[in-house]
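Residues per chain are reported as follows:
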Amino acid sequence: ALIERAQEFYIKDQEDISQRIKDLGISDDLMKLKGLTPGMLLTLGEQKILNLQDFADLASDELTGGFDIIKGERVKIHGYLEDFALSKDEADGLIMSARNEVYKD
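These notes cover the structure that comes with them. No experiment lies behind these values; they were computed from the predicted model shown. (Residues numbered from 1 in each chain as written. Predicted model: local features only at pLDDT ≥ 70, side-chain atom pairs only at ≥ 80, totals over all residues. Heavy atoms only, no water.)

### A few points about the overall build of the chain
Turning to step 1, where the next piece is worked out: For the chain, the count of helices and strands is 6 helices and 2 strands.
Turning to step 2, where the next piece is worked out: Along the chain, helices and strands appear, N-terminal first, in the series α-α-α-α-α-β-β-α.
Turning to step 3, where the next piece is worked out: Rg of the C-alpha trace for the chain: 16 Å, well past the compact-globule value of 13 Å for 105 residues, more than 25% over.
Turning to step 4, where the next piece is worked out: Referenced to the eigenvectors of the C-alpha coordinate spread, the extents of the chain come out at roughly 55 × 40 × 25 Å.
Turning to step 5, where the next piece is worked out: Expressed as a percentage of contacts within the chain between residues at least 6 apart in sequence, the contacts between residues at least 24 apart total 46%.
Turning to step 6, where the next piece is worked out: Of the roughly 7,300 Å² of accessible surface on the chain, a fraction of 52% belongs to carbon and sulfur atoms.
Turning to step 7, where the next piece is worked out: Placing the 13 positive and 22 negative side-chain charges of the chain at their respective mean positions leaves the two points 1 Å apart. (Helix = DSSP H or I, 4+ residues; strand = E, 2+ residues; numbered from the N terminus. Rg over C-alpha atoms; globule rule 2.2 N^0.38 Å. Contact = heavy atoms within 4.5 Å. Areas by Shrake-Rupley, 256 points an atom, 1.4 Å probe, with all protein chains shown as cover. Lys, Arg positive; Asp, Glu negative; His and termini not counted. Charge placed at Lys NZ, Arg CZ, Asp CG, Glu CD.)

Here it is as structure tokens:
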């Protein structure tokens with residue numbers, strides 16, 4: 001019974017995430033980008049990154065986070081997908097895949 005309840009919860013949770021992604025207006029081309037999970041898509045949508053063009057225009061630091069010097073002080077910059085433990089190489093790969101689609105001509 002416990003396993004069945006866990007499966008029901010998981011299915012309902014996935015349906016809720018799918019509906020929230022649709023409600024945010026995320027485009028099909030971004031949803032089809034290999035390597036992005038539903039949780040990542042939800043996070044991107046909340047940041048108004050709604051299509052493949054928006055995603056292709058990002059830099060890997062915008063996804064993974066990093067540090068910058070502002071007024072002589074080192075400041076932490078939060079990445080959109082930082083909570084997903086995405087490496088810089090993985091972020092670069094995702095962005096390049098998007099750019100290959102958007103700028104293929």
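### Considering the pairing of strand β1 (residues 66-70)
Turning to step 1, where the next piece is worked out: Summarising the sheet, β1 and strand β2 (residues 73-77) pair through 5 bridges and their orientation is antiparallel. Directly across from phenylalanine 67, in β2, lies its bridge partner lysine 76.
Turning to step 2, where the next piece is worked out: Turn length for the β1-β2 hairpin, with the two strands adjacent in sequence and antiparallel, is 2 residues, and the turn residue lysine 71 shows positive phi of about 55 degrees. (Pairing = 2+ DSSP bridges.)

### Section: the environment of leucine 36
Turning to step 1, where the next piece is worked out: Counting through the fold element by element, leucine 36 comes out in the loop between α2 (28-31) and α3 (38-46).
Turning to step 2, where the next piece is worked out: Sequence-wise, leucine 36 and leucine 94 are 58 residues apart; in three dimensions their C-alpha atoms are separated by 8.0 Å.
Turning to step 3, where the next piece is worked out: Each residue touching leucine 36, except ones within four places of it in the same chain, is listed here: Leu30, Leu41, Leu44, Phe55, Leu81 and Leu94.

### Some remarks on helix α1 (residues 2-24)
Turning to step 1, where the next piece is worked out: The end-to-end C-alpha distance of α1, which contains 23 residues, comes to 33 Å, matching closely the 33 Å that a straight helix rising 1.5 Å per residue would cover.
Turning to step 2, where the next piece is worked out: Glycine 25 sits one or two residues past α1 and shows a positive phi near 85 degrees. (Expected span 1.5 Å × (residues − 1).)

### Notes on the side chain of threonine 64
Turning to step 1, where the next piece is worked out: Take threonine 64: it is sitting in helix α5 (residues 60-64).
Turning to step 2, where the next piece is worked out: What threonine 64 contacts, discounting residues up to four positions off in sequence, is Gly79, Glu82, Leu86, Ser87, Lys88 and Ala91.

### Some words on the nonpolar core
Turning to step 1, where the next piece is worked out: Membership of the largest hydrophobic core comes to 22 residues, with the highest contact counts inside it found for Leu30, Leu36, Leu44, Phe55, Leu63, Leu81 and Leu86.
Turning to step 2, where the next piece is worked out: Elements that contribute at least two residues to this core include exactly α1, α3, α4 (52-56) and α6 (88-102). (Core = buried A, V, L, I, M, F, W, Y, C linked by side-chain atoms within 4.5 Å. Buried < 20%, exposed > 50% of the residue type's maximum accessible area, 1.4 Å probe, protein only.)

### Focus on the packing of aromatic side chains
Turning to step 1, where the next piece is worked out: Under the counting rule described, the total for this entry stands at 0 aromatic pairs.
Turning to step 2, where the next piece is worked out: The ring of phenylalanine 67 has arginine 74 lying over it, and the distance from NZ or CZ to the ring centre is 3.9 Å.
Turning to step 3, where the next piece is worked out: When the ring centre of phenylalanine 67 is taken as origin, the NZ or CZ atom of lysine 76, which lies over that ring, is 5.5 Å away. (Phe/Tyr/Trp six-rings, centres within 6.5 Å; stacked < 30°, edge-to-face > 60°. Lys NZ or Arg CZ within 6 Å of the ring centre and 35° of its normal.)

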